[in-house]
Amino acid sequence: MTLSVFHYRDLSLCPVPGGTIVMAADSCASTGEKPGDTLKCPPYHCGRVSARVVLFELLCIGAQVLMVADGVCSEMQPTGLEIICGFQDEMKLAGLPPEMLTGSTEENFTTMMTGVGTAAVGYFPGNFKAPVCRSGDLLVSVGEPAVGLDFLHQNAPVATYEMIQTLSQDAGVHELIPVGSHGLAWEGRSAAALHHLKADFDMPCGLDLSQSGGPASCVLAVMSEEAFKRRRDQMLLTPIGHLKQNP
């Protein structure tokens, strides 16, 4: 049987009998305590942020998470074990059992930089239906962009799994997009293009729309004005613009 794979944003999807398999992937490097690392921090954080990115990708699109894989580019002791603990703790935050995690470590060669490649597999019952966004929808930052040490700060104003769950259940929220290294403006323009619309960043917001969102520190929500009014007092939501018809 030949499977037909297609893509939506950064996700790869494959129809199977009864549903659709979806895969998200990410990489994290130079984040740890090895000589070649740029961001000096416990390798545990490398695991946490790596798991967060792929989990946000699947949960924001509405997929059920089936499994997570970590390709740890370091030895098991001590670096790999810390990274794995980070993965497991992040999965717990998402309400997922640690048994969903599998992976491998590098035991053949000495490594001078911390890194991990991550993949997560999810599932939709039935056929995948792409979100429908409309002219007039608000572009809203859920949380605020943060990267590096700013993200690791305990009180960083970042998006949470609870926010994603709440917004996913609101019919007025049309799409949720994790923000990565390209920043909010890039994600907004990309989302608009998918729906043959234009992103107009016409609202003063106080956020740097070009700043990297790092490990999905914030999420771009495309929502109706009514949905924004319903949710604005429940979580950190910052309107940054609108979707409009192309001229």
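Residues numbered from 1 in each chain as written. Predicted model: local features only at pLDDT ≥ 70, side-chain atom pairs only at ≥ 80, totals over all residues. Heavy atoms only, no water.

Participant: It is not clear to me how unusual backbone geometry should be interpreted in this structure. Could you clarify?
Facilitator: Leaving glycine out, the prevailing phi sign among residues is negative, and the prevailing peptide bond configuration is trans. Omega for the peptide link from Q77 to P78 comes to 0°, which places this bond in the cis form. Relative to the helices and strands, P78 resides in helix α2 (residues 76-93). A positive phi angle is found at A216, which is not glycine, with a value near 55°. Within the element layout of this structure, A216 appears in the loop between β11 (197-200) and β12 (219-223). (Helix = DSSP H or I, 4+ residues; strand = E, 2+ residues; numbered from the N terminus.)

Participant: Help me out: how do you make sense of the nonpolar core in this one?
Facilitator: In globular proteins that are soluble, nonpolar side chains generally tend to be buried together. Among the nonpolar cores identified, the biggest contains 51 residues, and L55, L58, V68, V142, L176, V219 and M223 are the most heavily contacted of them. Per-element accounting of this core gives the leading share, nine residues, to helix α1 (residues 43-61). Ignoring sequence-local partners within four residues, the contact set of M223 consists of D137, L138, V140, L167, G172, V173, H174 and F228. (Core = buried A, V, L, I, M, F, W, Y, C linked by side-chain atoms within 4.5 Å. Buried < 20%, exposed > 50% of the residue type's maximum accessible area, 1.4 Å probe, protein only. Contact = heavy atoms within 4.5 Å.)

Participant: I would appreciate a short explanation of the pairing of strand β6 (residues 64-72) in the present structure.
Facilitator: The side chains of a regular strand alternate between both faces of the sheet. Examined bridge by bridge, β6 and strand β8 (residues 115-125) share eight bridges and lie antiparallel to one another. Bridging across to β8, G71 finds its partner in G117. Sheet topology note: the β6/strand β7 (residues 101-104) ladder contains four bridges and is parallel. Bridge pairing in β7 links G71 to S104. Between the parallel elements β6 and β7, the chain passes through α2 in a crossover that is right-handed. (Pairing = 2+ DSSP bridges. Right-handed = clockwise from strand over helix to strand, strands pointing away.)

This is a description of form; function is not addressed.
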